[in-house]
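The residues making up each chain are set out below.
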Amino acid sequence: MAEQVKLFKTWSTPFGLRITWALQLKGISYEAIDEDLSNKSALLLQYNPVYKKVPVLVHNGKPISESLVILEYIDETWKQNPILPEDPLERANARFWAKFSDEKLILSVWSAFTKEGKEREEAMDASLKNLKFVEEELKGKKFFGGEKIGLADIVFGWLGNLLPIFEEVSGLKLLDDRFPSLLAWTKELSELPVVKYNWPPHDKMIIKYQALYEKFHPVK
Amino acid sequence: MANEKVKLHGFWVSPFANRVKWALKLKGIEYEYMEEDVWNKSNLLIQLNPVYKKVPVLVHNGKVILESFLILEYIDETWNQNPLLLPQDPSQRALTRFWAKFAEEKIFEAAFNALCSHGDEQKKAVQLTMEAMEKIEGELKGKQQFFGGESIGYLDIILGWISYMLPVFEEVGSVQILDPVKFPATIAWSNRFLNHPVIKDTLPPKEKMLVYFQERRHIISCANLGWIKF
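Residues numbered from 1 in each chain as written. Chains lettered and ligands numbered in written order. Predicted model: local features only at pLDDT ≥ 70, side-chain atom pairs only at ≥ 80, totals over all residues. Heavy atoms only, no water.

- An unreviewed UniProt entry annotates chain B as glutathione transferase originating from Corchorus olitorius.
- Within the UniProt record for chain B, the comment given under Subcellular location (unreviewed entry) is "Cytoplasm, Cytosol".
- Word for word, the UniProt comment on chain B under Catalytic activity (unreviewed entry) is "RX + glutathione = an S-substituted glutathione + a halide anion + H(+)". (UniProt positions renumbered as here; feature names shortened; annotations may be inferred.)

- You'll find chain A entered in an unreviewed UniProt entry as glutathione transferase, with Corchorus olitorius given as the organism.
- What the UniProt record of chain A gives under Catalytic activity (unreviewed entry) is the line "RX + glutathione = an S-substituted glutathione + a halide anion + H(+)".
- The record in UniProt for chain A states the following under Sequence similarities (unreviewed entry): "Belongs to the GST superfamily. Tau family."

Given below as structure tokens:
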């Protein structure tokens, strides 16, 4: 049976971008469908009735949702260029940092971008604290995965794209020389063809996040 | 595997630590248990888990594994004898992981909010819990004994708190969530789970749990006990 792989995403979602990287790293042919989240397609709602979100991977008609779940599925289904190491402890460690990205770091950074006053200060403090943990983990390594990128690199990838954009839009300074290993890592990551050629268009991102920033910080 | 040194750091009432106990017991793995006081954290706990400072922590031959979901996967991969906790087929594994994440984010969080909130906020939390549980009820229909099939698996372990802790939340919060009319399959599963030989004698005493949550209800803010937003 010919493999049929579809990826439902949007042009800008960092969660969808992870899946793009994973599929391309493994050389898997797929069809990408960019959704308009203000007008979700019937197919998306059918494939992800629980969350109605992107990304969704559809493999031979079977939908898989939630980016971390999708990444593990991809690694288990297509064995070439593994995303996760073989050793159970290293796997647990990679998954730990992936979870940390999505359960702690993203939330604190997003709050730092969208909140005001005391809440913003708290979010900034938390973000710096969280970034410090990531910096420690990265010390002495080219990638979280070692010499090649792995799950944690793929999942942290949004840092390399969104943090500079947040800074450009709002002056929010998080990724700077307080975190030399992270800075070096974003450079290495961005050099990889699969990353370099798949970043969402910069100007379009600035417009999008400028509009979002204004929404959260209305001029009084 | 002789000379394996397995240590579990837990807290008697932590449903997350209990998951690991069940997994170790199911696999027949001998381990040493260390009780931690999460309200007065030891230096050792902070050293083992500096990022979250939480239980459970599994230490295997000196190696540290954190986060109950990840510890379960680690156990399944390291001791890959039967019973296997996760299914073998990748799409079944994906579904299992999907529902585990859903249940943790949508059911546990909401149920915990229902425990420690009041008034309208509590009503909303109860409603959200029940909406999420409807999805799980749907998943249980037509299943054999457990989510894992004939025997307990990963998803049963993750959801196991519903069988023994949710009734405590209900009583302490004075709410009803486990409506037998709405959730017949869940309640039937819950009873089977509670009666499973591995589970039966591992539960914290109900009276002790009731006292614990009654006492803490007023000092636990819903932003706390691990559900700090960042």
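That was the structure; now back to the text.
Here we look at the interface of chain A and chain B
Right, so step 1: In this assembly, 30 residues from chain A lie in contact with 29 residues from chain B.
Right, so step 2: With both chains or domains summed, chain A and chain B bury close to 2700 Å², and 68% of this area falls on carbon and sulfur atoms.
Right, so step 3: The tally of links between chain A and chain B comes to eight salt bridges.
Right, so step 4: For E67 of chain B, the salt bridge goes to K99 of chain A, with nearest N and O atoms at 3.1 Å. (Contact = heavy atoms within 4.5 Å. Buried area = accessible area lost by both parts, 1.4 Å probe. Salt bridge = Lys/Arg side-chain N within 4 Å of Asp/Glu carboxyl O.)

Re the sheet that holds strand β3 (residues 57-60) of chain B
All names here are of chain B.
Right, so step 1: Spatial strand order, β2-β1-β3-β4: four strands in an open sheet with mixed pairing. Single-partner strands in this sheet number two, and they are β2 (32-35) and β4 (63-66). Within the sheet, the average angular offset between the axes of one strand and its neighbour, ignoring direction, is 20 degrees.
Right, so step 2: Across four bridges, the pairing between strand β1 (residues 6-10) and β2 is parallel. The residue of β2 that forms the bridge with H9 is M34. (Pairing = 2+ DSSP bridges. Helix = DSSP H or I, 4+ residues; strand = E, 2+ residues; numbered from the N terminus. Axes fitted to C-alpha atoms, helices over the stretch in contact; angles between N-to-C directions.)

Comments concerning the UniProt feature "domain: GST C-terminal" (unreviewed entry) in chain A
Right, so step 1: When the UniProt feature table is mapped onto this chain numbering, "domain: GST C-terminal" (unreviewed entry) sits at residues 87-220 of chain A.
Right, so step 2: Here residues 87-220 of chain A is 74% helix and 0% strand, with 55 Å between the C-alpha atoms at its ends.

Re the nonpolar core
Right, so step 1: In terms of nonpolar packing, the biggest core is built from 146 residues, with L57 and F156 of chain A together with L58, I75, W161, F169 and F213 of chain B touching the most fellow members.
Right, so step 2: If near-sequence neighbours (up to four positions away) are discounted, L58 of chain B is found in contact with V6, K7, L8, V20, L24, K63, V64, I65, I71, Y74 and I75 of chain B.
Right, so step 3: If you look at the next biggest cluster of nonpolar residues, it comprises seven residues, including I33, L44, V56 and V58 of chain A. (Core = buried A, V, L, I, M, F, W, Y, C linked by side-chain atoms within 4.5 Å. Buried < 20%, exposed > 50% of the residue type's maximum accessible area, 1.4 Å probe, protein only.)

Observations concerning the sheet that holds strand β3 (residues 56-59) of chain A
Sheet strands associate in pairs through backbone hydrogen bonding, adopting either a parallel or an antiparallel arrangement.
All names here are of chain A.
Right, so step 1: What the four strands build is an open sheet, ordered β2-β1-β3-β4; its pairing is mixed. The open sheet terminates on both sides in strands that have one partner only, identified here as β2 (31-34) and β4 (62-65). For this sheet, the mean angle separating the axes of adjacent strands, direction not counted, is 20 degrees.
Right, so step 2: Relative to β2, strand β1 (residues 5-9) is paired through four bridges, and the arrangement is parallel.

Some remarks on a positive patch on the surface
Right, so step 1: A cluster of basic side chains, namely K40, K52 and K53 of chain A together with K106 and K135 of chain B, defines a positive patch on the protein surface.
Right, so step 2: Note on placement: K53 of chain A falls in the loop between α2 (42-47) and β3.
Right, so step 3: Using a relative accessible area of 46% as the deciding quantity, one classes K53 of chain A as partly exposed. (Patch = residues over 30% accessible without salt bridge, like charges linked within 9 Å, V, L, I, M, F, W, Y side chains within 5 Å. Areas by Shrake-Rupley, 256 points an atom, 1.4 Å probe, with all protein chains shown as cover. Lys, Arg positive; Asp, Glu negative; His and termini not counted. Charge placed at Lys NZ, Arg CZ, Asp CG, Glu CD.)

Overview of the domain arrangement of chain B
Residues and elements named next belong to chain B.
Right, so step 1: The assigned domain composition of chain B is domain 1 (6-78) and domain 2 (90-223).
Right, so step 2: Computed over C-alpha atoms, the centres of domain 1 and domain 2 are 21 Å apart.
Right, so step 3: Listed per partner, the contact involves 15 residues of domain 1 and 28 residues of domain 2.
Right, so step 4: Taking both partners together, domain 1 and domain 2 bury about 2100 Å²; carbon and sulfur atoms supply 69% of that area.
Right, so step 5: In this structure, the connection of domain 1 to domain 2 is made through two salt bridges.
Right, so step 6: Residue assignment for the side of domain 1 that touches domain 2 shows that the elements contributing at least two residues are α1 (15-27) and α3 (68-78).
Right, so step 7: Take the side of domain 1 that touches domain 2: its biggest share by element is eight residues, from α1. (Domains from an automatic or database assignment.)

Things to note about the UniProt feature "domain: GST C-terminal" (unreviewed entry) in chain B
Right, so step 1: Listed under "domain: GST C-terminal" (unreviewed entry) in the UniProt record, and renumbered for this structure, are residues 89-212 of chain B.
Right, so step 2: Helix makes up 73% of residues 89-212 of chain B and strand 0%, and the two end C-alpha atoms of the span are 41 Å apart.

With respect to the environment of E150 of chain B
Residues and elements named next belong to chain B.
Right, so step 1: Inspection of the secondary structure assignment puts E150 in the loop between α5 (119-140) and α6 (154-159).
Right, so step 2: Here E150 falls in the exposed class, since its relative accessible area comes to 60%.
Right, so step 3: Setting aside anything within four residues of it in sequence, one finds E150 in contact with Q144 and Q145.

Some details on the side chain of E104 of chain B
Right, so step 1: Here E104 of chain B shows up in helix α4 (residues 90-116).
Right, so step 2: A relative accessible area of 14% means that E104 of chain B is categorised as buried.

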